[in-house]
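# A structural walkthrough
What follows is the residue order along each chain.
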Amino acid sequence: MNLEKYEKKILIVSYSYSGNTHKIAQAINHITGGDFCDIYPWQPYPMSFPELLKQVRKEITAKYRPRLLPLSYSPQRYDTIFVGSPNWCGTIAPPLFAWLMGNDLSGKNIFPFCSHCGGVPGNMQKDVQRICKKSDVHKCLSVINDGGEKIENLVIQYLAENSNFIGERCLSERKRK
């Protein structure tokens, strides 16, 4: 199979509070070769966990969209977009919610991913699908903490399970190494 003609432009966008989601995004970036950018809220979240939890619960209930710092990539020129966030209270973090709401992702392939600590599982795929109604939203890659040493294998398995050209390309490239 000639994968050249299936080559897509890939963007990885993620918000990470503790660094776990960032490590997952880096693994996706390493495997896919896509462009990568982090989302940063204008006002950082509190470092104290009780304060963070209180603020996050308020923001999620109010469907608050925090102001974000400018990004270096626009999603318009990409076909495939990986979107990552910590799983906060069973859903995506407000900074990713704000980014998704602020961009027209119609016709894009969206691959959500999240980090979590084993708490409320939620349904990240459904949450992203609610926002990106005109996109093809795939199953969410859900990783405990940062996935540790197994993260690259988890990403490869996820891509293969989604039976998308990305997984085929990545797996064939990994076999050549």
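The structure this text deals with has already been given above.
Just so it is clear, the structure is predicted and the values come from calculations on it, not from any experiment.

Residues Ile81, Val83, Ile92, Trp99, Leu100 and Val128 are the most contacted members of the largest nonpolar core, which totals 27 residues. Those elements that provide at least two residues to this core are β1 (10–14), α2 (49–61), β3 (80–88), α3 (94–101), β5 (109–116) and α4 (124–131). Per-element accounting of this core gives the leading share, 4 residues, to α3. With 17 residues, the next largest nonpolar core counts Ile31, Phe82, Val143 and Ile156 among its residues.

Let us look at the pattern of salt bridges. Summed over the entire model, instances satisfying the criterion amount to 3 salt bridges. Notably, a salt bridge pairs Arg77 with Asp35, separated by 3.9 Å at the nearest N-O pair. You can see Arg77 sitting in the loop between α2 and β3 and its partner Asp35 sitting in strand β2 (residues 35–38), a full 42 residues away along the chain. Accessibility expressed as a relative area gives 24% for Asp35, which makes it partly exposed. Note that Arg130 is salt-bridged to Asp127, the shortest N-O span being 2.8 Å. On the criterion of helical spacing, the pair formed by Arg130 and Asp127 is a turn pair, its members being 3 residues apart in helix α4.

Another aspect to go through is the pairing of β1. With 5 of its 5 residues buried, β1 lies for the most part within the structure. Residues Ile10, Ile12 and Ser14 point to one face of β1 and Leu11 and Val13 to the other, with burial holding for every one of them. Alignment of β1 against β3, held across 5 bridges, turns out to be parallel. Counted as the bridge partner of Leu11 is Ile81 from β3. In terms of strand pairing, β1 meets β2 through 4 bridges, oriented parallel. The residue of β2 that forms the bridge with Leu11 is Asp35. Traced from β1 through helix α1 (residues 20–32) to β2, the parallel crossover comes out right-handed.

Before going further, it helps to spend a moment on the side chain of Ser135. Turning to its location among the elements, Ser135 is positioned in the loop between α4 and β6 (136–137). The buried category is assigned to Ser135, whose relative accessible area is 9%. At 2.5 Å, the side chain of Ser135 and the backbone oxygen of Leu105 are in polar contact. Beyond its immediate sequence surroundings of up to four residues, Ser135 is in contact with Leu105, Ser106, Gly107, Lys108, Ile110 and Gln129.

What counts as what
Residues numbered from 1 in each chain as written. Predicted model: local features only at pLDDT ≥ 70, side-chain atom pairs only at ≥ 80, totals over all residues. Heavy atoms only, no water. Core = buried A, V, L, I, M, F, W, Y, C linked by side-chain atoms within 4.5 Å. Buried < 20%, exposed > 50% of the residue type's maximum accessible area, 1.4 Å probe, protein only. Helix = DSSP H or I, 4+ residues; strand = E, 2+ residues; numbered from the N terminus. Salt bridge = Lys/Arg side-chain N within 4 Å of Asp/Glu carboxyl O. Pairing = 2+ DSSP bridges. Right-handed = clockwise from strand over helix to strand, strands pointing away. Polar contact = N/O pair within 3.5 Å; in protein donor to acceptor, adjacent residues only side chain to side chain. Contact = heavy atoms within 4.5 Å.

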